[in-house]
Amino acid sequence: MAGLRGEAAIVGSAEWAPKRKPDKLWMGLEAYAELARMALEDAGLKASDVDGVITGTNLMEARMLVPSAIAEYLGIRANFFDVVDLGGATGAAMAWRAAAAIEAGMCETVVCLVQTQMSPPDPRVEQAAVARDWGGGIWGSPQAEFEIPFGHVQGTYGYAMIANRYRYEFGLKEEQLAKIAVEQRFNAQQHPKAVFRGQPITLDDVMNSPMICDPLKLLEIVMPCFGGAALVITSKEKARQSKNRPAWIIGAGEHLTHRSVTYEPDFTHSPIKPSADRAFAMSGLKRSEIDLASLYDCYTITVLLTIEDAGFCDKGEGPRFVDEHNMTYLGDWPMNTHGGQLSFGQSGLAGGMSHVTEAYLQIAGRAEGRQLAKCDTAFVNGNGGIMSEQVSLILRGD
Amino acid sequence: MPRYRNGTQPVPFPTPVTQPFWDGTKQHKLLLQKCSACAHVFYYARTHCPACLAKEFEWVEASGRGTLYSYTVCRRAQSPDFAEDTPYILAAVTLEEGPRMSSLLVDADPENVPIGGPVRVVWDDDVSADLAMPYFTPA
Ligand SMILES: [Zn+2]
């Protein structure tokens, strides 16, 4: 099929350890500049090599025309610039957009930048409400009129409704969801930057943690953190000279249908399927050829649905799949070896990026104590909103 | 005192396009739109049919009956506006006419909520003088 030729690769990354509170006052441009510097150093490239930049939307110093603010501040003479607004799927979406721009000859080396707002919030805006309503609490927004007054806000309730529907249709034990959280926490013990390093948990810990929205408990829900991340993606010619093993971007897919979960066509058949199917078809790889699954995990149920809808098992078989596999970095089906966002921490858009970064680090052989014995291929899924924005990637090492 | 909630906020602010829907709620009518081009029935109120983008439609009154597609019991309030309402039950309801709708499930036992079971609309007149809120209860 038509698609990416696999002629662009991730060759470097930067990732700040997620923090419960910002440990330093950063303005957005300052954070982007430092993340770009770190990632380029990691890649062994110079600032002058960069001719493309992709960023998230949340730049506090520019409510619009974000790219020009960044190009000017960082001194980048860009041949390609983009802003991606796909929530948790933003990091994965940046990666294939960069590869497509490079393969199309628009540019040669792209830096992808994401951050949590690290600086004191603008006192003129009620930040808590903006975050709670995901920016939709404004007059004229269907969300403001038909969701928020009914209490349908934030993400937890939506994933909980999906989990309850799944249990109704296919059967699901709460212990099966809890096992996902436990194994990811095990993985996080080997990640020096994980927010929950040094705090392993047991199945009982998850099961006994407070119920927030039935059936989701506290330890199945992602921890909001502060941080930032960057990737460097470059051309075949430059990647071949890289000091790191490149992770070639050989497949990608996207799918999106809804904003409010109520209007998701089918709670138990998510938009991940068309996204993942396209990525696999483009890559030519089979599910059985994937060495690492790096799956967006805002909640445990997200992982379960992704395993099924990305085609690693049949619909309805996810709970059994979870029971039958060891999903740790020592196991037979390694998944979210960095701990996932549940245990690594979710630093806004950098949380979604962490799944791409981990796939790169594993393929590059740079995953330290959690390094897989063999990792030549990875499947990454990014998920935004409430199972809304879906972006799938397939990465491969030489 | 509101009958179904302790809190009353936030209250919807209609736009010119959605005003007929909210006017209907004052008379305890749940109004949907039916596309004149493709007959698709949709909720929430909007200018264009989400099945075909035609912009001609008629308002039709729903029966108020539906089935519970899914729910969750919020043991912890997900916004400060609902802090006095815990535990409260959020619901996605499939209306008899087809569309799905976000609402609250009220007068229901949080420990025994039947997905797939019948529900019917009830009205909360106490949140605002200008409109009533359509909630659902097990039928
Ligand atoms: Zn139509």
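Above this text is the structure in question.
Residues numbered from 1 in each chain as written. Chains lettered and ligands numbered in written order. Predicted model: local features only at pLDDT ≥ 70, side-chain atom pairs only at ≥ 80, totals over all residues. Heavy atoms only, no water.

Undergrad: Can you lay out the overall build of chain B for me, pointing to particular residues and giving the numbers?
TA: When helices and strands are counted, chain B shows one helix and eight strands. Element order for chain B, N to C, with α for helix and β for strand: α-β-β-β-β-β-β-β-β. Taken over the C-alpha trace, chain B has a radius of gyration of 15 Å; the compact-globule value for 139 residues is 14 Å, and the two agree within 12%. With respect to the principal axes defined by its C-alpha atoms, chain B has extents near 45 × 35 × 25 Å. Within chain B, the fraction of its 139 residues that count as buried is 51%. When contacts within chain B are restricted to residue pairs at least 6 apart in sequence, long-range pairs at least 24 apart make up 55% of them. (Helix = DSSP H or I, 4+ residues; strand = E, 2+ residues; numbered from the N terminus. Rg over C-alpha atoms; globule rule 2.2 N^0.38 Å. Buried < 20%, exposed > 50% of the residue type's maximum accessible area, 1.4 Å probe, protein only. Contact = heavy atoms within 4.5 Å.)

Undergrad: Break down the coordination of the zinc ion for me, citing the residues and quoting the values.
TA: Residues and elements named next belong to chain B. Looking at the metal site, the zinc ion is ligated by Cys35 (SG), Cys38 (SG), Cys49 (SG) and Cys52 (SG), spaced 2.3 to 2.4 Å from it. For the zinc ion, the four donor atoms are set out with angles of 102 to 115° between them, so the coordination reads as tetrahedral. Coordination of the zinc ion draws on donor residues from a single chain, spaced C-x2-C-x10-C-x2-C in sequence. Take Cys35: its relative accessible area is 3%, and that puts it in the buried class. Using a relative accessible area of 36% as the deciding quantity, one classes Cys38 as partly exposed. (Donors = N, O, S within 2.8 Å, 3.2 Å for Na, K, Ca; no water. Tetrahedral: all angles 85-135°; square planar, octahedral: opposite > 155°, others 65-115°.)

Undergrad: Hey, could you go over the interface of chain A and chain B for me, with residue numbers and the actual values?
TA: Listed as interface residues are 35 residues of chain A and, on the opposing side, 40 residues of chain B. With both sides pooled, the region where chain A packs onto chain B buries about 3100 Å², and carbon together with sulfur makes up 60% of that total. Summed over the three residues of chain A that lose the most area to chain B, namely Glu145, Phe146 and Phe150 of chain A, the buried surface amounts to 23% of that side. Scanning the region where chain A abuts chain B turns up one salt bridge. (Buried area = accessible area lost by both parts, 1.4 Å probe. Salt bridge = Lys/Arg side-chain N within 4 Å of Asp/Glu carboxyl O.)

Undergrad: Break down the side chain of Thr109 of chain A for me, with residues and values.
TA: Here Thr109 of chain A lies in strand S4 (residues 109-115). Once you skip the residues sitting within four places of it in the chain, Thr109 of chain A turns out to touch Leu45, Asp49, Val50, Asp51, Gly52, Val232, Ile233, Thr234 and Lys238 of chain A.

Undergrad: Hey, could you go over the packing of helix H3 (residues 90-103) of chain A against helix H14 (residues 349-363) of chain A for me, with residue numbers and the actual values?
TA: For any two helices packed against each other, the geometry comes down to the angle between their axes and how far apart the axes lie. Residue and element names in this part refer to chain A. For the pair H3 and H14, interaxial distance at closest approach is 6 Å and the crossing angle is 55°. Classified by the angle their axes make, H3 and H14 are oblique. Contacts between H3 and H14 pair Thr90, Gly91, Ala92, Met94 and Ala95 from the former with Leu349, Met353 and Val356 from the latter. Each residue belonging to the contact of H3 with H14 can be placed in one class, and the counts come to six nonpolar, two polar and no charged. (Axes fitted to C-alpha atoms, helices over the stretch in contact; angles between N-to-C directions. Parallel < 35°, antiparallel > 145°, perpendicular 65-115°, else oblique. Nonpolar A, V, L, I, M, F, W, Y, C, P; charged D, E, K, R; others polar.)

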